[in-house]
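# An overview of the molecular structure
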Amino acid sequence: MKKILQNEKYIGDALQQKTYTVDFLSKKRVKNNGIVPQYYVENSHEPIIPRDLYMQVQEEMVRRANLHSGAKRKKRVYSSKYALSSIVYCFKCGDIYRRIAWSNRGKHSTVWRCCTRVEHGPKKCDAPTIQESDLQNAVVKAIQKVWGGKDAFLSVLEENIKTVLENESGEQIEEIDHKLEELQQELLQLASDKKGYGNVADAIHKLRGQRQNVLTRDVVRDGRRQRIEEMRDFLEKQINEPLGYDEQLVRRLVEKVTVYDDRMTMEFKSGLEIDVER
């Protein structure tokens, strides 16, 4: 599944020579780890999914793969069942909140509790328990707050878009690709002359890592720009009707919720932050 989600062919691009032939008689092919040149070709064929959707998927994969929380940065398993899963954080210990079926003196309810408190007790973390209805209402209030002052927030969003656009890294990718091509040609020559090419191969591997890091930053940047534009469209198109809690809307707009003793801070994917009193 991961290979499918990361396959550039679906957006019309192609990475040439992922494998190469080592034996022309048996036609045996092996994975190309830098022995022969690779070339990334954009728009080489008709795409079947939009590029911006592909970028959003890459951004989400990076986020889920790096889901750590708590003082010791414990690895947490991502859950997609509820929109608020894995995005509600405790301000005291930094751990995420978990949705729990609660029973207190025969009264049943659904609450959200800090994972550190659930696993190790209040001596480790005495963060407050939040009723699910209170958490959802706080999210709605934050969205309504943005909606009510949309004229002011729209100008902030425009500035955020300009900031994102200023961080383009196309020239950096071109420079890395140019160095890679030079090193790959040098590697081929050394291999042809039967000379040691370990240092060149290591340099190629290092450059590939740098290229991947730049591309990862690009994915995050493009994803943020998309989120800003989605928030702008939401504010511009929203009509004057009562707003209720909606899972899909929360997935689209909300990046993170931090629970304090006296308030909750909503961080939107567009970069906006709103405080809501508890």
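Each chain carries its own residue numbering, running from 1 in the direction its sequence is written. Totals for whole chains, interfaces and linings use all residues, but because this is a predicted model, local features are given only for residues with pLDDT of at least 70 and pairs of side-chain atoms are given and counted only at 80 or more. Hydrogen atoms and water are omitted, and side-chain values are computed over all heavy atoms in the structure.

### Overview of the sheet that holds strand β8 (residues 97–104)
A pair of strands counts as paired when DSSP detects no fewer than two bridges linking them. Note on conventions: DSSP H or I runs of at least 4 residues are helices, E runs of at least 2 residues are strands, and numbering of each starts at the N terminus. Strands sit in the order β8-β9-β10 across an open sheet of 3 strands; the sheet is antiparallel. Every interior strand has two partners, whereas the edge strands, β8 and β10 (130–131), have only one. Pairing of strand β9 (residues 107–114) with β10, which is carried by 2 bridges, proceeds in the antiparallel orientation. The residue bridging Val111 from the neighbouring strand is Gln131, located in β10.

### Quick look at the nonpolar core
Soluble, globular proteins show a tendency: their nonpolar side chains are buried together. In terms of nonpolar packing, the biggest core is built from 35 residues, with Leu84, Tyr97 and Phe268 touching the most fellow members. Looking at this core, the elements with two or more residues in it are β7 (88–90), β9, α4 (132–148), α7 (198–237), α8 (247–253), β11 (254–259), β12 (263–268) and β13 (273–277). Tallying contributions element by element places α4 first for this core, with 7 residues. Excluding residues that lie within four positions of it along the chain, Leu84 makes contacts with Trp112, Leu135, Gln136, Val139, Tyr245, Val250 and Val257. For our purposes a nonpolar core is just a set of buried Ala, Val, Leu, Ile, Met, Phe, Trp, Tyr and Cys residues, chained together by side-chain atoms within 4.5 Å. Partly exposed describes any residue whose relative accessible area lies between the buried limit of under 20% and the exposed limit of over 50%, with all areas from a 1.4 Å probe on protein chains only and scaled to the type maximum. Counting residues in each nonpolar core, the second largest holds 9 residues, with Ile173, Ile176, Val200 and Leu207 among its members. Every residue pair with non-hydrogen atoms within 4.5 Å of one another is taken to be in contact.

### A word on the state of the cysteines
Here, the term disulfide refers to a pair of cysteine sulfur atoms separated by no more than 2.5 Å. In this structure the tally under the stated criterion is 0 disulfides. Its sulfur unpaired, Cys90 is 3.7 Å from the next cysteine sulfur, which belongs to Cys125. Given the relative accessible area of 3%, Cys90 is considered buried. The thiol sulfur of Cys115 is not disulfide-bonded, and the nearest other cysteine sulfur, from Cys114, lies at 6.5 Å.

### Notes on the sheet that holds β7
Adjacent strands of a sheet form backbone hydrogen bonds with each other and so pair up, either parallel or antiparallel. Reading across the sheet, the 4 strands line up as β7-β11-β12-β13 and stay open at both edges, with mixed pairing between neighbours. Sheet topology places β7 and β13 at the edges, where each strand pairs with a single neighbour. Each strand of the sheet is rotated relative to its neighbour by a mean of 25°, with strand direction disregarded. The axes used here are C-alpha line fits, helices contributing only the stretch in contact, and every angle between their N-to-C directions lies in the interval 0 to 180 degrees. Across the sheet, α4 is in contact with β7, β11, β12 and β13; its angle to β12 comes to roughly 55°.

### Observations concerning the side chain of Thr258
Along the chain, the position of Thr258 falls in strand β11. For Thr258, a relative accessible area of 9% puts it in the buried group. Once you skip the residues sitting within four places of it in the chain, Thr258 turns out to touch Tyr89, Phe91, Arg263, Met264, Thr265 and Glu267.

### Focus on the environment of Ala142
Within the secondary structure, Ala142 is located in helix α4. The class of Ala142 is buried, set by a relative accessible area of 0%. Each C-alpha atom of the pair Ala142 and Glu277 lies 10.0 Å from the other, and the pair is 135 residues apart in sequence. Among all residues touching Ala142, those that are not within four sequence positions of it are Met266, Phe268, Ile274 and Val276.

### Topic: the pattern of salt bridges
In the sections that follow, a salt bridge refers to a side-chain nitrogen of Lys or Arg positioned within 4 Å of a carboxyl oxygen of Asp or Glu. Under the defined criterion, the tally for this structure stands at 7 salt bridges. Between Glu132 and Arg99 there is a salt bridge, with its nearest N and O atoms 2.6 Å apart. Taken together, the positions of Glu132 in helix α4 and Arg99 in strand β8 put the pair 33 residues apart, joining distant regions of the chain. Connected through shared salt-bridge partners, Lys92, Asp126 and Asp261 make up one network.

### A short note on the environment of Cys125
As for its placement among the helices and strands, Cys125 is situated in the loop between α3 (115–120) and β10. Along the sequence, Cys125 and Lys92 sit 33 residues apart, while their C-alpha atoms lie 7.1 Å from each other. Not counting residues up to four positions away in its chain, the partners in contact with Cys125 are Cys90, Lys92, Cys93, Cys114, Thr116 and Arg117.

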